[in-house]
Amino acid sequence: MGKSQSQEKAAVEAGYWHQYRFNPQLEAEGKNPFLLDSKEPDWSKFQAFLNSEVRYSSLLKLFPV
């Protein structure tokens, strides 16, 4: 839990998770209330992110490639 913000940042940078905002006030102005803030994913970081997650690293230990 102490590293949750850094893990969230890594997930967004790797392309695993999208960063977005929703502002319902924009809909009243005729604009799209959904705003995607994520940049283009850095796919070179994707595998490293997956390996940092226990749920995926434990599967790799159970079923090595």
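Structural data are supplied above this passage.
Novice: Quick question: what am I supposed to make of a nonpolar patch on the surface here?
Specialist: A contiguous nonpolar surface patch, about 610 Å² in accessible area, is contributed by Trp17, Tyr20, Phe22, Phe34 and Leu36. Assignment of secondary structure puts tryptophan 17 in the loop between helix H1 (4-14) and strand S1 (20-22).

Novice: For this particular structure, what's the right way to read the packing of aromatic side chains?
Specialist: Two measures describe an aromatic ring pair: the distance that separates the ring centres and the angle between the ring planes. If you walk through the whole model with that rule in mind, you get five aromatic pairs. What links up through ring pairs into an aromatic cluster is the set Tyr16, Trp43, Phe46, Phe49 and Tyr56.

Novice: I would appreciate a short explanation of the pattern of salt bridges in the present structure.
Specialist: It is possible for side chains bearing opposite charge to pair when their charged atoms get close. Overall, the coordinates contain six salt bridges when judged by the stated rule. Put simply, lysine 9 and glutamate 13 hold a salt bridge, and the shortest N to O gap is 3.9 Å. Pair noted here: lysine 9 and glutamate 13 are both in helix H1, with a separation of four residues, about one helical turn. Taking the relative accessible area as the measure of exposure, glutamate 13 reaches 30% and is therefore partly exposed. Residues lysine 31 and glutamate 29 are paired through a salt bridge, measuring 3.6 Å at the closest nitrogen-oxygen approach. This pair shows no difference in class: lysine 31 is exposed, exactly as glutamate 29 is. Three or more residues are tied together by salt bridges with common partners; here these are Lys9, Glu13, Asp42 and Lys45.

Cut-offs and rules
Residues numbered from 1 in each chain as written. Predicted model: local features only at pLDDT ≥ 70, side-chain atom pairs only at ≥ 80, totals over all residues. Heavy atoms only, no water. Patch = residues over 30% accessible without salt bridge, like charges linked within 9 Å, V, L, I, M, F, W, Y side chains within 5 Å. Areas by Shrake-Rupley, 256 points an atom, 1.4 Å probe, with all protein chains shown as cover. Salt bridge = Lys/Arg side-chain N within 4 Å of Asp/Glu carboxyl O. Helix = DSSP H or I, 4+ residues; strand = E, 2+ residues; numbered from the N terminus. Phe/Tyr/Trp six-rings, centres within 6.5 Å; stacked < 30°, edge-to-face > 60°. Buried < 20%, exposed > 50% of the residue type's maximum accessible area, 1.4 Å probe, protein only.

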